[in-house]
Amino acid sequence: MERIDVSILGRDFSLACNPEEKQKLLAAVKLADHLMLKIKGSGGMTSASNERIAVMACIQMASDLLSVKSSDEGFGGMQYGDFKSKIEELNTLLDSGLNELKKL
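Predicted, not measured: the structure shown is a model, and the values here were computed from it.

Asks: Tell me what's going on with the overall build of the protein, and back it up with residues and numbers.
Replies: Within the protein, the regular secondary structure consists of 3 helices and 2 strands. Sequence-ordered secondary structure for the protein, helices as α and strands as β, is β-β-α-α-α. Across the 104 residues of the protein, 16% fall into the buried class. Total accessible area on the protein is roughly 8000 Å²; 57% of this is exposed by carbon and sulfur atoms.

Asks: Can you lay out the nonpolar core for me, pointing to particular residues and giving the numbers?
Replies: In this structure, I4, V6, I8, L9, V29, L35, M36, I39, A48, I53 and A57 together form the largest nonpolar core, which totals 11 residues. Those elements that provide at least two residues to this core are β1 (2-8), α1 (22-41) and α2 (50-67). Ranked by the residues each element gives to this core, the list is headed by α1, at 4 residues. Setting aside chain neighbours within four positions, we find I4 in contact with F13, S14, L15, K22, L25 and L26.

Asks: Explain unusual backbone geometry residue by residue, including any values.
Replies: Within the chain, L9 stands out as a residue other than glycine whose phi angle is a positive 55°. Position of L9 relative to the elements: it lies in the loop between β1 and β2 (11-17).

Asks: Kindly report on the pairing of β2, identifying the contributing residues and their values.
Replies: As judged from the 7 bridges shared by β1 and β2, these two strands associate in the antiparallel manner. Across the sheet, the residue bridging to I8 is R11, located in β2. Linking two consecutive strands that pair antiparallel, namely β1 and β2, is a turn of 2 residues; a positive phi of about 55° is found at L9 within it.

Asks: Got a sec to walk through the packing of α1 against α2? Specific residues and values, please.
Replies: Interaxial distance between α1 and α2 falls to 9 Å at its minimum, and their mutual angle equals 115°. As for the relative orientation of α1 and α2, their crossing is right-handed in sense. Contacts from A32, L35, M36, I39 and K40 in α1 reach N50, I53, A54, M56, A57, Q60 and M61 in α2.

Asks: Lay out the confidence of the model for the protein in plain terms, naming residues and giving numbers.
Replies: Should pLDDT be low for a region, the predicted coordinates there are not to be read in detail. Scored by pLDDT, the protein comes out at a mean of 81, with 80% of its residues at no less than 70. The element-level mean pLDDT for the protein is lowest in helix α3 (residues 80-103), coming to 74, with β1 highest at 93.

Asks: Please set out the pattern of salt bridges residue by residue, giving values where relevant.
Replies: For the structure on display, the rule yields 2 salt bridges. Note that E2 and K22 form a salt bridge whose closest N and O atoms lie 3.1 Å from each other. Of this pair, E2 sits in strand β1 while K22 sits in helix α1, and the two are 20 residues apart along the sequence. Overall, E2 belongs to the partly exposed group, its relative accessible area being 25%. E21 is the partner of K24 in a salt bridge, and the nearest nitrogen-oxygen pair spans 3.7 Å.

Asks: Can you break down the environment of E20 residue by residue, with the values?
Replies: With respect to the helices, strands and loops of the structure, E20 is situated in the loop between β2 and α1. Remark: the alpha-carbon pair of E20 and E2, spanning 18 residues in sequence, is separated by 9.5 Å.

Conventions we followed
- Residues numbered from 1 in each chain as written.
- Predicted model: local features only at pLDDT ≥ 70, side-chain atom pairs only at ≥ 80, totals over all residues.
- Heavy atoms only, no water.
- Helix = DSSP H or I, 4+ residues; strand = E, 2+ residues; numbered from the N terminus.
- Buried < 20%, exposed > 50% of the residue type's maximum accessible area, 1.4 Å probe, protein only.
- Areas by Shrake-Rupley, 256 points an atom, 1.4 Å probe, with all protein chains shown as cover.
- Core = buried A, V, L, I, M, F, W, Y, C linked by side-chain atoms within 4.5 Å.
- Contact = heavy atoms within 4.5 Å.
- Pairing = 2+ DSSP bridges.
- Axes fitted to C-alpha atoms, helices over the stretch in contact; angles between N-to-C directions.
- Left-handed = near helix turned anticlockwise from the far one by under 90°.
- pLDDT = per-residue confidence, 0-100.
- Salt bridge = Lys/Arg side-chain N within 4 Å of Asp/Glu carboxyl O.

Here's what the structure looks like:
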């Protein structure tokens, strides 16, 4: 594991990651810091706590992730959130079918 020092919202953090994941982690930190600074600088959030800003950034990133379509059509052109819901529906259906078979 490699340790890297980063700064998010002016606070320093020491993180650990595998060397091959370092660039991805640094990009994620940069994105998170940028989004949090943007949220902090927006209208009513200038006096908000860093914790509240972090929660708002997390919600924004989760929303963005759920809205992303797979560029390689890995989700059949569906949005990730829709794909995930469909998989959960199929798992429920399979569980139900297996439970019925166990009763026989």
